[in-house]
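Coordinate analysis (summary)
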Amino acid sequence: SKHRLPPGPKPWPIIGNIPHLGKQVHVSLQRFSQLYGPLISLRLGSQLVVIASSPAAAAEILRTHDRLLSARYVATVVPYDTVELDRKAIVWASNCNNDRWKAFRAMFRNQMFSARAIESQAAVRERKVARMVEFLQGKLGEPVKIAELAFAAIFDSLSNLMFSRDCIGFESSSETANRLKSLIWRMMELGTKTNFADYFPVLKKLDPQGLRREMFRLCNELYSVWQPEVKERRERGRPGGAEDFLDIFFENGLDDDQIDWLSLGFLQELFSAGTDTSMATIEWAMAELIRNKGAMDELRDELKTKLSPPLDGKPALIDESVVAQLPYLSAIVKETLRLHPPAPLLLPHRAPETCKVMNYTVPEGTHIVVNVWAISRDPKVWEDDPMSFKPERFIGSSVDFRGQDFEFLPFSAGRRMCPGVSLATRQIPLVLAALVRSFDWSLSDGEDPTELDMSEKFGTTLEKERPLLLVPNRSSL
Ligand code: HEM
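Since we're looking at a predicted model, the values are computed, not measured.

Close to the ligand lie 24 residues; Ala273, Gly274, Ser412, Cys418 and Gly420 are nearest. Broken down by secondary-structure element, the contributors of at least two residues to the shell around the ligand are α14 (266–291) and α19 (421–438). Per element, the largest residue contribution to the shell around the ligand is seven residues, and it comes from α14.

On to unusual backbone geometry, then. Of note, the phi angle at Ile14 is positive, near 60°, even though the residue is not glycine. Among the secondary structure elements, Ile14 is positioned in the segment before α1 (18–21). The class for Ile14 is exposed, based on 11 C-beta atoms found within 10 Å. Unlike most non-glycine residues, Leu346 shows phi in positive territory, near 55°. With respect to the secondary-structure elements, Leu346 resides in the loop between α17 (327–339) and β5 (349–350).

Look at α14: 38 Å from first C-alpha to last across 26 residues, which is about the 38 Å you get at 1.5 Å a residue. By the criterion of burial, α14 is predominantly enclosed, with 23 of the 26 residues buried.

On to the packing of helix α8 (residues 122–137) against α19, then. In the contact formed by α8 and α19, the axes pass within 10 Å of each other and the chain directions differ by 30°. Handedness of the crossing formed by α8 with α19: right-handed. Residues Arg125, Val129, Met132 and Val133 of α8 form the contact with α19, whose participating residues are Gln427, Leu430, Val431, Ala434 and Ser438. In the contact of α8 with α19, the residues fall into six nonpolar, two polar and one charged.

What follows concerns the nonpolar core. Counting residues in each nonpolar core, the largest one holds 131 residues, and the members touching the most others are Ala58, Ala150, Met286, Val370, Val431 and Ala433. Of all the elements, α14 adds the most residues to this core, at 14 residues. Setting aside anything within four residues of it in sequence, one finds Val370 in contact with Ala52, Ala58, Ile61, Leu62, Leu345, Leu346 and Leu409.

To continue, consider the pairing of strand β2 (residues 47–52). Consecutive side chains of a regular strand alternate in pointing toward one face of the sheet and then the other. Counting buried residues along β2, five of its six residues qualify, which places the element largely inside the surrounding structure. Looking at chain direction, strand β1 (residues 39–44) and β2 are connected through six bridges and run antiparallel. Residue pairing in the sheet places Leu44 in a bridge with Gln47 of β2. Between β1 and the antiparallel strand that follows it, β2, lie two residues; Gly45 among them carries a positive phi value of about 60°. Where β2 meets strand β8 (residues 367–370), four bridges bridge the pair, whose relative direction is parallel. Opposite Val49, over in β8, you have His367 as the bridge partner.

A few words on the sheet that holds strand β4 (residues 144–145). With respect to topology, three strands assemble into an open sheet ordered β4-β12-β9, the strand pairing being antiparallel. What marks the edges here is a single partner per strand, and that holds for β4 and β9 (439–443). Pairing between β9 and strand β12 (residues 469–474): five bridges, direction antiparallel. By the bridge assignment for β12, Leu443 is matched with Leu470.

Glancing now at the sheet that holds β5. Taken in spatial order, the five strands line up as β1-β2-β8-β5-β3 in an open sheet, and their pairing is mixed. Each edge of the open sheet is held by one strand with a lone partner, namely β1 and β3 (71–72).

As a further point, take the packing of α17 against α19. α19 packs onto α17 with a crossing angle of 110° between their chain directions and a minimal axis gap of 10 Å. Between α17 and α19, the angle falls in the class roughly perpendicular. Relative to α19, α17 is oriented so that their crossing is right-handed. Within the contact between the two elements, α17 uses Leu329, Ser330 and Val333 and α19 uses Thr425, Ile428, Pro429, Leu432 and Ala433. Of the residues in the contact of α17 with α19, the class split is six nonpolar, two polar and no charged.

Definitions and limits used
- Residues numbered from 1 in each chain as written.
- Predicted model: local features only at pLDDT ≥ 70, side-chain atom pairs only at ≥ 80, totals over all residues.
- Near = placed C-beta within 6 Å.
- Helix = DSSP H or I, 4+ residues; strand = E, 2+ residues; numbered from the N terminus.
- Buried ≥ 20, exposed ≤ 12 C-beta atoms within 10 Å, placed from the backbone.
- Expected span 1.5 Å × (residues − 1).
- Axes fitted to C-alpha atoms, helices over the stretch in contact; angles between N-to-C directions.
- Left-handed = near helix turned anticlockwise from the far one by under 90°.
- Contact = placed C-beta atoms within 7 Å.
- Nonpolar A, V, L, I, M, F, W, Y, C, P; charged D, E, K, R; others polar.
- Core = buried A, V, L, I, M, F, W, Y, C linked by C-beta atoms within 7 Å.
- Pairing = 2+ DSSP bridges.
- Parallel < 35°, antiparallel > 145°, perpendicular 65-115°, else oblique.

Structure below.
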């Protein structure tokens with residue numbers, strides 16, 4: 001009893017609890033936590049997984065034992081070994097208690113995502129969003145896939161911060177743009193597929209589903225797109241304009257391998273970590289606004305009062321610093337992140353040695369997960385109608401996503417907390433403000449908004465199962 005594991009459903013021989021997971025893994029894990037408690041364990045094949053599903057259990061992992069448990073569990077689909085990842089990667093660095101990792105995080109904190117840097121990058125994002133509005137003006141009355149639109153806006157804002165140019169564009173007409181887009185989409189898809197090699201280490205080398213091999217091929221293809229960019233900038237210097245992330249990488253002495261090491265360097269990691277998470281938040285927020293007319297009307301009122309009116313029939317440029325001060329919009333973003341956290345189980349952590357958590361034993365090598373999706377819908381934590389979209393709950397509340405409030409952890413907490421939080425929480429409201437201020441939105445086929453299908457597609461990122469199609473109409477504001 002001194003070495004007891006956290007409780008959980010009885011595993012089957014060999015396959016363990018794999019059949020218990022189902023398709024909606026976050027929901028199954030929530031059900032088990034309701035049956036067995038806030039800290040449970042499952043055996044998936046031969047891999048032990050411990051899941052925290054309450055604010056107290058999350059605080060034990062991300063605060064009390066943060067130093068130890070902030071090691072990363074590296075999914076088998078990542079086609080590189082941990083020694084190389086520890087030298088070069090950030091998201092997939094398996095260990096973060098070393099000077100190299102700390103120096104990278106300091107570079108993020110002090111240079112790329114500092115308050116001053118975020119402020120000075122605002123013009124880049126404002127231009128991108130203005131371009132999005134221009135694109136939509138040519139689509140009045142036509143259905144638009146919100147996720148694709150948000151993907152292009154976010155991806156190109158990031159690519160401008162990284163190396164001062166667009167990569168995709170809203171029209172997606174060039175061959176390279178299309179290739180890049182389909183590569184990234186496919187990588188995102190592969191990253192979220194169930195991989196049996198994760199559960200049975202003997203299969204790791206064999207890669208029976210071919211996921212790791214395909215990821216390696218995609219990484220190489222991506223490398224062939226970005227590597228010339230990095231090489232040219234290294235040789236010729238910046239063409240002009242403001243300092244971008246590539247300059248910061250060069251200044252900090254990163255070599256080409258670290259920046260774009262077979263496309264698992266910083267460029268790819270930042271694009272992957274920053275794009276689909278923000279895209280999913282924008283899609284869920286628009287879906288909630290369409291379904292909840294009261295919230296949409298309140299937001300429209302706020303935007304109408306605080307943002308400049310159109311000039312000669314053209315939407316005025318939206319000022320990010322004004323958007324950042326809008327309380328109702330900020331509450332909408334928080335409420336969306338509460339109900340639809342883009343990373344429902346965060347990214348996987350790992351116990352590098354055996355330890356005790358809440359009086360249970362967590363053996364070395366355990367894969368550790370925090371079910372933030374379950375925590376942020378728990379009626380014991382969110383007493384006021386937790387399943388409903390009510391941005392008002394955040395008005396006048398001090399609960400924030402900065403890693404201090406363990407009932408609300410969309411960006412995690414502790415050492416591994418998302419370093420892009422300040423960027424994401426500037427970018428997402430800006431896109432939403434531009435969409436709602438510039439157009440009236442409706443569903444495409446006379447669908448009843450209150451009946452909108454809100455089913456989720458589980459993966460590393462929690463997306464809407466049925467893509468949201470909305471029609472932009474001339475703004476009546
Ligand atoms: C709504 C938007 C976003 C959400 C919800 C989000 C959430 C997260 C979460 C949950 C993690 C894992 C934390 C953990 O392991 O405990 C993470 C890690 C990370 N995020 Fe974000 N993120 C977002 C946007 C961004 C953006 C815009 C960037 C930068 C461009 C970014 C860069 C990263 C990086 C580099 C990591 C890895 C940190 C590490 O392992 O040390 N994220 N993010």
